Amino acid sequence: RELDQPDSCSRPRSSAAHNAMADDEEQKKRVIKVKFAFVDDAIHLRVKPSTTLYKAVKSVADRKGLTPEAFARTYRVTLEGERVQMTSAGLEMKIGDVLEKHHYSMDDDEDEVEFQLHTMQEGGGSLVASSSSSARRPCSC
């Protein structure tokens, strides 16, 4: 063993590794203010970027008196006009990942992310023709 080389244990950390650890610490402490905006009201939450979308939706659904499944069937969620998938895979995503997927960038001075909630349409779609014979009778002019 050569005496000129220091032990690997005593080698100082590189600045890149130190910065990565500092970023991880900062990410753990970071809190995102999320607003779920309905037509008539809004629900505000404070979440970490690592919080799953399911956990946030469950919290909002509880406040609305719905189960998360009923909430997903009742409301369509959008972020800046783009639909957020409410499938099982979509609900497992972390809030930070949802924001990245939708190319949403938060500035340091921006204090809140707004998800818009739209009531899904139920029923409709088909018109039944009238079975009355007078509707199909030719004119007797």
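Just so it is clear, the structure is predicted and the values come from calculations on it, not from any experiment.

Conventions and cut-offs
Residues numbered from 1 in each chain as written. Predicted model: local features only at pLDDT ≥ 70, side-chain atom pairs only at ≥ 80, totals over all residues. Heavy atoms only, no water. Helix = DSSP H or I, 4+ residues; strand = E, 2+ residues; numbered from the N terminus. Buried < 20%, exposed > 50% of the residue type's maximum accessible area, 1.4 Å probe, protein only. Polar contact = N/O pair within 3.5 Å; in protein donor to acceptor, adjacent residues only side chain to side chain. Contact = heavy atoms within 4.5 Å. Pairing = 2+ DSSP bridges. Axes fitted to C-alpha atoms, helices over the stretch in contact; angles between N-to-C directions. Phe/Tyr/Trp six-rings, centres within 6.5 Å; stacked < 30°, edge-to-face > 60°.

Caption draft 1: Quick peek at the side chain of Thr78. Take Thr78: it is sitting in strand E3 (residues 75–79). Judged by relative accessible area, which is 7%, Thr78 ranks as buried. A distance of 3.1 Å separates polar atoms of two side chains, one belonging to Thr78 and the other to His118. Contact partners of Thr78, with chain neighbours within four places excluded, come to Arg83, Val84, Glu114, Phe115, Gln116 and His118.

Caption draft 2: The arrangement of the sheet that holds strand E1 (residues 32–37) in detail. Within the open sheet, the five strands sit side by side as E2-E1-E5-E3-E4. Their pairing is mixed. The open sheet has two edge strands with one neighbour each: strand E2 (42–47) and strand E4 (82–84). Mean inter-strand twist for the sheet, computed between neighbouring axes without regard to direction, equals 30°. With five bridges connecting them, E3 and strand E5 (residues 113–119) associate as antiparallel partners. Bridging across to E5, Val77 finds its partner in Leu117. The strands touched by helix H2 (residues 53–64) within the sheet are E1, E2, E3 and E4, with E2 carrying the most contacts at an inclination of about 145°.

Caption draft 3: Representation of the packing of aromatic side chains in the model. One pass over the full model with this rule turns up three aromatic pairs. Ring plane angle 75° and centroid distance 5.1 Å describe the contact between Phe38 and Tyr75, whose orientation is recorded as edge-to-face. Of this pair, Phe38 sits in the loop between E1 and E2 while Tyr75 sits in strand E3; the two residues are 37 residues apart in sequence, bridging distant segments of the chain. Residue Phe38 is classed as buried on the basis of its relative accessible area of 9%. For Tyr75, a relative accessible area of 13% translates into the label buried. Considering the side-chain rings of Phe71 and Tyr75, the 5.1 Å spacing of their centres and the 40° angle between planes classify their relative orientation as tilted. Across the pair, exposure class does not vary: Phe71 and Tyr75 are buried alike. Here the aromatic cluster, defined as three or more aromatic residues joined through ring pairs, consists of Phe38, Phe71 and Tyr75.

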